[in-house]
Amino acid sequence: MLMRIGGQETEAAGGTWLDVINPATGEVLDRAPAGEREDVDAAVAAAEHAAAGWEKVSPRERGKILFHAAGAIREARGDLARTLTREQGKPLAEAVDEVRGCANVLEFYASVSGCLSGDFIRLGAAGDGIVVREPLGVCGAIIPWNMPVILMGWKAGPALLAGNTLVLKPSSTTPLTTLAIAAILERAGLPPGVLNIVTGTGDAAGQAIVTHPGIHKVSFTGNTATGIAVRRAAAPLLKEVTVELGGSDPMIVWKDADLPKAVEGAVHGRFYNAGQVCNAVKRVYVHEEIAPRFTGELLARVRSLRVGDGLSPSVEMGPLQNRAQLDRVEAQVARLRERGEGRILAGGSRLRGPEHDRGFFYAPTLVADPDPDAAILGEEVFGPVLPVMAVPDLDTAIAEANRSRYGLGASVWTRDLGVARAVFDRARAGVVWVNRHLTVPPEIPFGGVKESGLGRENGVQAIAGWTRAKSLLLGW
Ligand code: NAD
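Residues numbered from 1 in each chain as written. Predicted model: local features only at pLDDT ≥ 70, side-chain atom pairs only at ≥ 80, totals over all residues. Heavy atoms only, no water.

**Q** Any chance you could break down the side chain of E186 for me, citing the residues and the numbers?
**A** Checked against the element boundaries, E186 lands in helix 6 (residues 176–187). A relative accessible area of 14% places E186 in the buried class. Engagement of the side chain of E186 in a polar contact is seen with the side chain of R4, the distance being 2.7 Å. If we ignore the near neighbours within four places in the chain, the residues touching E186 are R4, G7, P192 and L195. (Helix = DSSP H or I, 4+ residues; strand = E, 2+ residues; numbered from the N terminus. Buried < 20%, exposed > 50% of the residue type's maximum accessible area, 1.4 Å probe, protein only. Polar contact = N/O pair within 3.5 Å; in protein donor to acceptor, adjacent residues only side chain to side chain. Contact = heavy atoms within 4.5 Å.)

Okay, structure coming up:
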């Protein structure tokens, strides 16, 4: 597949390519250009050329284009979801979910086009002040491989509505659905050059975006170490860089919780997308009175999960997205085993057999009562591994939940409003769920504290991040 610059499908200037691998089979599915600095230069030139015209389009008209694109994406969801499953690995039902989610985000931003407003301030004898929010111009967006379609929507929706033009880089392992959606946006009326997709690696195309003087803001989603490196590289240019990073979300299951609902919440929260979600449930703290029953029911569910090629309708969990990620998860669990840091109740290894040998499959894994200092609790485990810890009281649960470098989300499962309120007040996280986890509707701002990042995506609030204030003082 070719990348898209200025409305044209194009190869990389250097003529080199990167293979796109199907993680369920290990086979080469397609290839995408290995874009480099020269390609980013071309994309920035196209985005600059388009910027003056796009800025003058009224927000309502911009919103209409997003709205039409959302309809077309929803119509094409079958094909888009199949492409997404084949390049990313997730089960088809999850891929359809993600494609629909992208359409929902674009529709949401279309629906709030009237919210692009400023302020009027009366200053008495000094006159009046008017503050407008203007677009930043050419912006960059860099996205990871775990949820490429929804994250494209989270960035392109508010950025384009606010009147910016974009140079967006998908992960080198999942460029295909992003390219297909960019083509749909153009067919829906987005002028050429408003959204440019440069494919390529982080070291080449990614760094070129981050250090390009013509790009005024970069919105980055990825792991914490990369996010820090990206901010460091952009610092000499005084470029605004928002970073949405890793997480290690706790789930607190209180003694009065609806148990079947909490068990299903843990399964969905951890094993959705094979555990490769920033705000997945990565640690469970369950009240000791119900811990044996909860863990027993959870174990039965984890053992029953059907793992395989996401294109097969009965599959509940697909492979990990790439070989490096499989190796990383395997090493994290192997270290836990070697150090005796927890009891592995289920899984704990790659899956073998005719259905799994060629792909990047890891068994759904349940770990009981890991050592509180175990490495898998301190670092992000981006795969299907769930540690469960029994806790004696709420103070301990909240203290342990907060004992993390990360602070993206947290959930509490209870019928007791006081318990829910205490967790909401004391959780060091950007989002708190009660009796649910994972869902991020487009209306709700999403982002973390601590090493989970800086900035918020979603909601009308996110639009402000894609604009700058410009003030006018009127003396009468
Ligand atoms: P990653 O940081 O390796 O890569 C993310 C993107 O950055 C890719 O497009 C990559 O090519 C690019 N990149 C890599 N090095 C770069 C560099 N030096 N300069 C510029 N760009 C560079 O992350 P990943 O492994 O693809 O994704 C998984 C991580 O993303 C997890 O930690 C997960 O928690 C996080 N994530 C966070 C959110 C959120 O909203 N907070 C959402 C999804 C994923």
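**Q** Describe the pattern of salt bridges, listing the residues and the values that go with them.
**A** Under the defined criterion, the tally for this structure stands at 27 salt bridges. Between R335 and E379 there is a salt bridge; the shortest N-O distance is 2.3 Å. You can see R335 sitting in helix 11 (residues 323–339) and its partner E379 sitting in the loop between helix 12 (375–378) and strand 16 (385–391), a full 44 residues away along the chain. We note a salt bridge from D369 to R343, for which the minimum N-O separation is 3.8 Å. Remark: R343 occurs in strand 14 (residues 343–346) and D369 occurs in the loop between strand 15 (365–368) and helix 12; sequence separation between them is 26 residues. When salt bridges that share partners are traced, they join R4, E9 and E186 into one network. (Salt bridge = Lys/Arg side-chain N within 4 Å of Asp/Glu carboxyl O.)

**Q** Explain the packing of aromatic side chains residue by residue, including any values.
**A** If you walk through the whole model with that rule in mind, you get three aromatic pairs. The ring of W17 carries R31 above its face, with NZ or CZ at 3.7 Å from the centroid. Against the face of W466 rests K217, its NZ or CZ located 4.4 Å from the ring centre. (Phe/Tyr/Trp six-rings, centres within 6.5 Å; stacked < 30°, edge-to-face > 60°. Lys NZ or Arg CZ within 6 Å of the ring centre and 35° of its normal.)

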